[in-house]
Amino acid sequence: MASAPLVDSRGLSSPVDGDWNPEDVSFPEQFAWGAATAAYQIEGGWDADGKGPSVWDTFTHQGGDRVFKNQTGDVACGSYTLWEEDLKCIKQLGLTHYRFSLSWSRLLPDGTTGFINQKGNCSFKIESCAALIQGVDYYDKVIDSLLANGVTPVVTLYHFDLPQCFEDQGGWRSDTTVKAFDSYAQFCFKTFGDRVKFWITINEPYVVAEFGYEKGIMAPGVKEPGVGAYLSAHNLIRAHATAWHSYDTLFRAKQAGFVSIALNSDWAEPLNPADPADQAAAKRHVAFCLDWFATPIFLDGDYPAIMKSQVSVMSKRQGCPASRLPEFTEEEKMMIKGTADFFSLNYYTTRRIKHQDNTHSQPSVTADKEAEQVTDPSWPVAAGSSWLAVVPWGLRRLLKYIKDTYNHPLIYITENGFSLSDPAPLDDTQRWEYFRLTLQEILKAIYIDRVQLKGYFVWSLLDNFEWTAGYSSRFGLFHVDFNHSALPRVPYKSATEYARVIANNGLTASHG
Ligand code: BGC
């Protein structure tokens, strides 16, 4: 078989390791092959059958050009009514696992278990309640049909779509949301946990905190630099840990499942590898993203030391009476420590990092970090996302870092992908090349670095509502025509290639 070069012309692969060629080996047996989606990004039916509003409904309906062309997820891929079409895509790929999220306010319209949106429970005036799909029934159908087709459901409880009623009470800055999340989580474990064995409590708390409550560029659009992100992250961690304990004490013995939290992170390389200041800044870049959440949850219940000292010093310089980073009580630290049954990683990109002296800056997480991101012009950028520099070898380094830092956990890559821009060609050969190089790096991580990597999920199954980029940025393995009322799904070349890899459990046919 022809072997692919390990270092391509643009340096996208990591250096050659002896004669070892990732095209020659299989993925481990039982490797989980998946694709991922999220409720708000695909479902549509934003107010169908009793669903309550979420912060993303409010944010998009307010307009104001915060989203590309003021687009919304009101219809999106229509998955709420077109689930069978999604299932066809899943089967066509031969996925072993499918990751999707539950819409909290579709299940519990006012966010609480006071009213459950289920057949037979009708809170609003409509002739025949029996004709409705309703929240619980919809997800029952999704889960049951996945299982009937031999596909393992991986369920995210919260993927950015907080019920609006909780945002009205302070959102993730408030303890009310922490308590409500636990009730919601318990409701989901109780309702679906007989069939769902892989749970992710919260998707990307970093993104929720930083973009939702610091920069305000994503819902709920709160701009509280230097304060809002730390406070909401603090509560997101507490909410995750509380829900994990609820599973552990109330459901695990009977349901025997696994619960984690999906953490996103860039990999960071010092701009000048010989400069200790840049080296330290690169470490801070990872500390203020991945370690912010992973250190308390996987190690000791507390924030990384570098983050604590950095925020404390900066706060003092700015004349704050105390550090802007909240503190966990000793009891909370004990409660948070060790609350993940596997490591769920979302990886998209790598940055070059330069030390930045922010002595006189205004409070913000970015300033606290004192690390400036520099774009490496030699890295290609995904056509549909200016932030997504394609660096497959960064994933390998990040995986090794997680192995070494977090006690060699079982890891699932629960998101990775590359966007096309609209209009997107069905022949996405170059994008598949990115996937192929990424899968090579994953094989190196597994066989050379001995990372316990158990699965890989492409973001995303379908082109969908890409948050502030609306429908202009296309991450799907299947193209969706949003101008056509039937919202037809058509495979990109990457879908066909990914199906081949899954069928072969390797990059070439010899592994089939
Ligand atoms: C999120 C997805 C998003 C993807 C691409 C991740 O941060 O979990 O919802 O679509 O990145 O931007």
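Details of the structure are given in the entry above.
Residues numbered from 1 in each chain as written. Predicted model: local features only at pLDDT ≥ 70, side-chain atom pairs only at ≥ 80, totals over all residues. Heavy atoms only, no water.

**Student:** Which parts of the structure should I look at to understand the pattern of salt bridges?
**Tutor:** Note on pairing: side chains with opposite charge can pair once their charged atoms come close. Taken as a whole, this structure holds 34 salt bridges when the rule is applied. For K354, the salt bridge goes to E372, with nearest N and O atoms at 3.9 Å. Taken together, the positions of K354 in strand 8 (residues 350-355) and E372 in strand 9 (residues 371-374) put the pair 18 residues apart, joining distant regions of the chain. The exposure class of K354 is partly exposed, given its relative accessible area of 34%. Residue class for E372 comes out partly exposed when judged on its relative accessible area of 30%. (Salt bridge = Lys/Arg side-chain N within 4 Å of Asp/Glu carboxyl O. Helix = DSSP H or I, 4+ residues; strand = E, 2+ residues; numbered from the N terminus. Buried < 20%, exposed > 50% of the residue type's maximum accessible area, 1.4 Å probe, protein only.)

**Student:** Where do I start with the packing of aromatic side chains in this structure?
**Tutor:** Aromatic rings in a pair are described by how distant their centres are and how their planes are angled relative to each other. Applying the stated criterion to the full structure yields 49 aromatic pairs. With 5.4 Å between their ring centres and 75° between their planes, Y158 and W172 make a pair best called edge-to-face. With Y158 in strand 3 (residues 152-158) and W172 in the loop between helix 6 (164-167) and helix 7 (175-192), this residue pair connects regions lying 14 residues apart in the sequence. For the pair formed by Y158 and W172, the shared burial category is buried. Over the ring of Y80 we find R106; its NZ or CZ atom is 4.0 Å from the centre of that ring. Here the guanidinium or amino end of R431 rests over the ring plane of Y492, the centre of that ring lying 4.9 Å away. (Phe/Tyr/Trp six-rings, centres within 6.5 Å; stacked < 30°, edge-to-face > 60°. Lys NZ or Arg CZ within 6 Å of the ring centre and 35° of its normal.)

**Student:** Help me understand the site of the ligand, please; the structure alone is not making it clear to me.
**Tutor:** The full set of residues close to the ligand is Q41, H159, N203, E204, Y348, W387, E415, W459, E466, W467 and F475. Residue H159 places a side-chain N or O atom 2.8 Å away from an oxygen atom belonging to the ligand. When the ligand is considered free in solution it has 310 Å² of accessible area, and contact with the protein chains removes 92% of it. A per-class count over the shell around the ligand returns five nonpolar, three polar and three charged. (Near = heavy atom within 4 Å. Polar contact = N/O pair within 3.5 Å; in protein donor to acceptor, adjacent residues only side chain to side chain. Areas by Shrake-Rupley, 256 points an atom, 1.4 Å probe, with all protein chains shown as cover. Nonpolar A, V, L, I, M, F, W, Y, C, P; charged D, E, K, R; others polar.)

**Student:** Would you explain the sheet that holds strand 3 in this entry?
**Tutor:** Remark on secondary structure: sheet strands pair via backbone hydrogen bonds, oriented parallel or antiparallel. Pairing within the closed barrel is parallel, and its eight strands lie in the order 1-2-3-4-5-7-10-12. Taking each pair of neighbouring strands and ignoring which way they run, the sheet shows an average axis angle of 25°. Across five bridges, strand 2 (residues 97-101) lies against strand 3 in parallel orientation. The residue of strand 3 that forms the bridge with Y98 is P153. Across the sheet, helix 5 (residues 135-148) is in contact with strand 2 and strand 3; its angle to strand 2 comes to roughly 170°. Strands in contact with helix 16 (residues 493-504) are strand 1 (32-36) and strand 12 (453-459); relative to strand 1, the strand with the most contacts, it is inclined by about 155°. (Pairing = 2+ DSSP bridges. Axes fitted to C-alpha atoms, helices over the stretch in contact; angles between N-to-C directions. Contact = heavy atoms within 4.5 Å.)

**Student:** When you look at the nonpolar core in this model, what are you seeing that I'm missing?
**Tutor:** General note: in soluble globular proteins, nonpolar side chains tend to be found buried as a group. Counting 149 residues, the largest nonpolar core has W56, L102 and W199 as its most contacted members. A32, V154, F342 and Y412 belong to the second largest nonpolar core, which has eight residues in total. (Core = buried A, V, L, I, M, F, W, Y, C linked by side-chain atoms within 4.5 Å.)

**Student:** What should I look at first to understand unusual backbone geometry in this one?
**Tutor:** Keep in mind that most residues, glycine aside, have a negative phi and that most peptide bonds are trans. A cis geometry characterises the amide bond from A219 onward to P220, with omega recorded as 10°. Following the sequence through the fold, P220 ends up in the loop between helix 8 (205-213) and helix 9 (228-255). The backbone of D65 shows a phi angle near 60°, a positive value even though the residue is not glycine. In this fold, D65 is placed in the loop between helix 2 (55-61) and helix 3 (83-93).

**Student:** For this particular structure, what's the right way to read the environment of L93?
**Tutor:** Counting through the fold element by element, L93 comes out in helix 3. Residue classification places L93 among the buried positions, given a relative accessible area of 2%. Sequence-wise, L93 and L477 are 384 residues apart; in three dimensions their C-alpha atoms are separated by 9.2 Å.

**Student:** Before we go on, may I ask you to explain the environment of L410 in this structure?
**Tutor:** Within the fold, L410 resides in the loop between helix 14 (392-405) and strand 10 (411-415). A sequence separation of 276 residues divides L410 from Q134, and the C-alpha atoms of the two residues are 36 Å apart. When residues no more than four places from it in sequence are discounted, the contact partners of L410 are F342, F343, Q452 and K454.

**Student:** Would you take a moment to explain the pairing of strand 8 for this structure?
**Tutor:** It is a general feature of regular strands that their side chains alternate between the two faces of the sheet. Where strand 6 (residues 267-270) lies against strand 8, four bridges are found, and the strand directions are parallel. By the bridge assignment, E269 is partnered in strand 8 with R352. With four bridges joining them, strand 8 and strand 9 adopt antiparallel strand pairing. Directly across from R352, in strand 9, lies its bridge partner V374.

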